[in-house]
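Summary of structural features
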Amino acid sequence: MSSSIWSVDDHLEDILGAIRPLDPIELQLPDAQGCVLVEDVIVAVALPPFDNSSMDGYAVRTADVEGASEEFPAVLTVIGDVAAGGGELPHVGPGQAARIMTGAPLPPGAEAVVPVEWTDGGTGGGAATTMRPAGEAPEGASGEVRVHRPAKARAHVRSRGSDVQAGDLALEAGTVLGPPQIGLLAAIGRGTVRVRPRPRVVVLSTGSELVQPGEELGQGQIYDSNSFALCAAARDAGAISYRVGAVTDDAEELRATIEDQLIRADLLVTTGGVSVGAYDVVKEALASVGDADVPGSGIDFRKLAMQPGKPQGFGSIGPEHTPLLALPGNPVSSYVSFELFVRPAIRALMGLRDVHRPKARALLKADKPLSSPAGKRQFLRGAYDPESGTVSPVGGSSSHLIAALAHADCLIVVPEPYTSVEPGAEVEVVLLG
């Protein structure tokens, strides 16, 4: 146990120093969403893999439509259809054209595509507005098409490899795979990728007074909000999260529950039972879980020079030395502690380069000065306005005001030496979301 007071920065450094990114695994594309690539992905197949049409229209030779106009259209013989994914391609010779659909390969002999709107669509009438499906040519349509405008070489043709060339770097190691990256991987034919998996985070709330939402509240009971908030926060950070509803204030039961959860946890988070009260069950349950032969294992309970969130615990547990963070039970304290300590730990497990929330400087917009305890780093809930570069406090400084948290989008940071901050002063804000 530490009797000394820890700074926020030292506690976070201690946590991040102990966290190792998860080992890479090969995953199918749908399962890799949100994961971090551990390898450079090289393009095997050029995109698009062949010259193809960007329009519905006719594949032609440019010489055949030179000088074409509404008054003197070029009249070409239609020799067949080219559909996207279709079979053998017709060869377009002099005076000929092939009907072509968007995305279909440019047939041999053709040098350009004229959009259907530049033609009569094979009806012998005025300008066409749409392509007719193959086999549905209108009554009286000849096997000819009138083209009313000339086309330059490669007009309306997407060149092979114009998106990416074979051998190009598609995505580099360290990329987080979102929807566009998954799409690119699929487009270049990659069915699986090597990534660090999303960490599995188990959240346990403790307290005999806690009742699950949807149930009746009895005398002296409150709803368990922490496990829901922290589970959602873990998922938001990129983890797969598992919620264990309130465990009663019984050290043996809590220890057994934690040991049961180790099988599916890369990180354990407890909330409640870490301060100096008589019923601080987390401390009691975890006081003796360290391995005698592993220096530094077990859980160290600390006091931090911060408000809210003074009592914190950190260490490792079980045969795999799974990291465990013990957060205070007050809803706001637990959420602020999550943002400052658990979220960076989750991001580090994922192998992300930047584990921190973005920060900004803003001018304090308030009716009166903000007070802060000397020697502590205070985190106040705030509403940040990027347009005006200002931030306003939301709710009071009490650690139980969870309603205010729901309306805040940042934390206002008051550094340790300051006991008050005047309206109009510049402050640092941590942006949440």
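The rules behind the values
Starting from 1, residues in each chain are numbered consecutively following that chain's sequence as written. Only residues with pLDDT of at least 70 get local features here, since the model is predicted, and only at 80 or more are side-chain atom pairs given and counted; chain-wide, interface and lining totals rely on the full set of residues. Computation of side-chain values covers all heavy atoms of the structure but excludes hydrogens and water. The pairing criterion is simple: DSSP has to find at least two bridges between the two strands. A run of H or I in DSSP becomes a helix once it reaches four residues, and a run of E becomes a strand once it reaches two; helices and strands are each numbered from the N terminus. Note on geometry: axes are C-alpha line fits, over the in-contact stretch for helices, and angles between N-to-C directions span 0 to 180 degrees. In this scheme, roughly parallel covers angles under 35 degrees and roughly antiparallel covers those over 145, while 65 to 115 is roughly perpendicular and the rest are oblique. Left-handed describes a crossing whose near helix is turned anticlockwise from the far helix by less than a right angle; the clockwise case is right-handed. Residues count as neighbours in contact if any of their non-hydrogen atoms are within 4.5 Å of one another. One speaks of a salt bridge when a side-chain nitrogen belonging to Lys or Arg is within 4 Å of a carboxyl oxygen belonging to Asp or Glu. A simple rule labels every residue: compare its accessible area, found with a 1.4 Å probe on the protein chains alone, to the largest value its type can have, and call it buried under 20%, exposed over 50%, or partly exposed in between. Ring pairs shown here join Phe, Tyr and Trp side chains whose ring centres sit within 6.5 Å, with only the six-membered ring taken for Trp; geometry is labelled stacked below 30 degrees between planes, edge-to-face above 60, and tilted in between. Two conditions define a charge sitting above a ring: the NZ of Lys or the CZ of Arg must be within 6 Å of the ring centre, and it must be within 35 degrees of the ring normal. What the arc measures is the spread of directions leading from the helix axis to the C-beta atoms. Residues with no salt bridge and a relative accessible area higher than 30% make up the patches, which join like charges within 9 Å and nonpolar side chains (Val, Leu, Ile, Met, Phe, Trp, Tyr) within 5 Å. Calculation of accessible area relied on Shrake-Rupley with a 1.4 Å probe; when residues are assessed, cover is drawn exclusively from the protein chains displayed. His is not counted, nor are the chain ends, whereas Lys and Arg count as positive and Asp and Glu as negative. Charged groups are reduced to one reference atom each: NZ for lysine, CZ for arginine, CG for aspartic acid, CD for glutamic acid.

This brings us to the sheet that holds strand β9 (residues 112–115). Here 5 strands make up an open sheet; going across it, the order is β9-β6-β8-β7-β10 and the pairing mixed. The two strands at the open ends of the sheet, each matched to only one other strand, are β9 and β10 (144–147). Strand-to-strand twist of the sheet, defined as the mean angle between neighbouring strand axes without regard to direction, takes the value 40°. The pairing of strand β7 (residues 74–82) with β10 spans 4 bridges and is antiparallel. Paired with L76 across the strands is V145, a residue of β10.

It is worth spelling out the packing of helix α1 (residues 8–18) against helix α7 (residues 331–349) at this point. Where α1 meets α7, the closest approach of the two axes is 10 Å, and the angle between their N-to-C directions is 25°. Taken as axis vectors, α1 and α7 run roughly parallel relative to one another. Two packed elements cross with a definite hand, and for α1 against α7 that hand is right-handed. From α1, V8, H11, L12, I15 and L16 reach across to α7, where they touch L340, F341, P344, A345 and A348.

Let's shift gears to the pattern of salt bridges. In a structure, side chains of opposite charge can pair up when their charged atoms sit close to one another. Tallied over the entire structure, the rule returns 12 salt bridges. Salt-bridge contacts for R146 lead to D120; the nearest nitrogen and oxygen are separated by 3.9 Å. Of this pair, R146 sits in strand β10 while D120 sits in the loop between β9 and β10, and the two are 26 residues apart along the sequence. A residue is classified by how much of its surface remains accessible, and R146, at 28% relative accessible area, is partly exposed. A salt bridge links D266 to R200, with the shortest nitrogen-to-oxygen separation between them at 3.1 Å. Of the two residues, D266 is situated in the loop between α5 (251–261) and β18 (267–271) and R200 in strand β14 (residues 200–206); the sequence distance between them amounts to 66 residues. If you follow the salt bridges from partner to partner, you end up with D9, R377 and E416 in one network.

On to the packing of aromatic side chains. Tallied over the full model, the rule gives 0 aromatic pairs. Over the ring of W6 we find R302, and its NZ or CZ is 3.6 Å from the ring centre.

What follows concerns the sheet that holds strand β13 (residues 192–196). The strand order β2-β13-β3 describes an open sheet built from 3 strands, whose pairing is antiparallel. A single partner strand is all that each edge strand has here, and the edge strands are β2 (25–28) and β3 (36–37).

Attention now moves to the environment of K376. One can find K376 in the loop between β24 (370–371) and β25 (377–385). Of the residues examined, K376 reaches a relative accessible area of 25% and is grouped as partly exposed. Along the sequence, K376 and V8 sit 368 residues apart, while their C-alpha atoms lie 9.2 Å from each other. Excluding its chain neighbours within four sequence positions, the residues that come into contact with K376 are A305, M306, Q307, K310, V414, P415 and E416.

Since the α-helix advances by 3.6 residues per turn, residues separated by three or four positions end up pointing in the same direction. The complete set of buried residues in α1 reads V8, H11, L12 and I15. Taken end-on, α1 shows its buried residues confined to a sector of 95°, consistent with a single buried face.

Judged by side-chain charge, E209, D249, D250, E252, E253, E259, D260 and E284 come together as a negatively charged surface patch. Turning to its location among the elements, E284 is positioned in helix α6 (residues 281–286). Given a relative accessible area of 52%, E284 falls into the exposed group.

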